[in-house]
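These are the residues of each chain, in order.
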Amino acid sequence: NDVLSKYLTRFYPITLIVWARYAFHLLLIIIVLGPRLGMRLVRTARPVAQVARGLMLTMASILIVSAFKYMPVAEASAIAFLGPVVVTVMSVLFLKEKVSIARWVAVLCGFLGVLIIIRPGSDIFTWAMLLPLANAVAFASYQIMTRWLAGLESPYTSVFYLGLIGTLLLSTALPYCWVMPQNGVHATIFVVIGMLN
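Owing to the predicted nature of the structure, the values given are computational and were not obtained by experimental measurement.

A.B. asks: Would you take a moment to explain the overall build of the protein for this structure?
C.D. replies: Helix and strand content of the protein: ten helices and zero strands. Walking the protein from its N terminus toward its C terminus, one meets helices and strands in the order α-α-α-α-α-α-α-α-α-α. Expected size for 197 residues packed as a compact globule is a radius of gyration near 16 Å; at 18 Å, the protein falls within 12% of this value. Projected onto its principal axes, the C-alpha positions of the protein cover 45 × 40 × 25 Å. Across the 197 residues of the protein, 43% fall into the buried class. Taking as baseline every contact in the protein between residues at least 6 positions apart, the subset at least 24 positions apart corresponds to 85%. Carbon and sulfur atoms make up 73% of the accessible area of the protein, which amounts to about 10400 Å² in all.

A.B. asks: Can you walk me through the pattern of salt bridges in this structure?
C.D. replies: Two side chains of opposite charge can pair, provided their charged atoms sit close to one another. As enumerated under the stated definition, the model contains two salt bridges in all. A salt bridge links Asp2 to Arg21; its shortest N-O distance comes to 3.2 Å. Taken together, the positions of Asp2 in helix α1 (residues 2–8) and Arg21 in helix α2 (residues 14–37) put the pair 19 residues apart, joining distant regions of the chain. For Asp2, a relative accessible area of 31% puts it in the partly exposed group. Overall, Arg21 belongs to the buried group, its relative accessible area being 4%. With its nearest N and O atoms 3.1 Å apart, the salt bridge here joins Arg147 to Glu97. With a gap of 50 residues between them, Arg147 in helix α7 (residues 130–149) and Glu97 in the loop between α5 (83–94) and α6 (101–118) connect regions that are remote in the sequence.

Thresholds, definitions, all that
- Residues numbered from 1 in each chain as written.
- Predicted model: local features only at pLDDT ≥ 70, side-chain atom pairs only at ≥ 80, totals over all residues.
- Heavy atoms only, no water.
- Helix = DSSP H or I, 4+ residues; strand = E, 2+ residues; numbered from the N terminus.
- Rg over C-alpha atoms; globule rule 2.2 N^0.38 Å.
- Buried < 20%, exposed > 50% of the residue type's maximum accessible area, 1.4 Å probe, protein only.
- Contact = heavy atoms within 4.5 Å.
- Areas by Shrake-Rupley, 256 points an atom, 1.4 Å probe, with all protein chains shown as cover.
- Salt bridge = Lys/Arg side-chain N within 4 Å of Asp/Glu carboxyl O.

Structure representation (structure tokens):
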């Protein structure tokens, strides 16, 4: 998905690419789960939490696809792997979870690994590295909200709202970023990234 998204950034606006990730994902969810679940797919007792969670993942998606435009996929993805470090810290702060010494050591090693990749003072240490770093924070926030909602809401409902929030939010930008796919291969890739999202 990341490699295909990076490829599309050569030809299309980032917002359009991320919109396709959510729109075709939502379409797939509705086609596959809609007939079986009906209104149970849409019904939620926590709409604010679902919207906030959807916003966090949409922001994370925009940030990582933007990073792919300005950085190699491998380096952007490696920096974004700071996410589990942030999740661990947030799980202690917000979910009051207990973290073992061994896990804290693993978190520290992960953080040091990201510092090695960033290499302060090197060519990669540019403004663009802030994109995958911000993605790590947004994605970690999404994961913490997912963990909190896991025992409270149907996973199918949560997946539906991810697609719905991302599609609705990014559809507001379509009049300003819409570009017709240049060929059938590009059109297929737009659909595939939504299926893989």
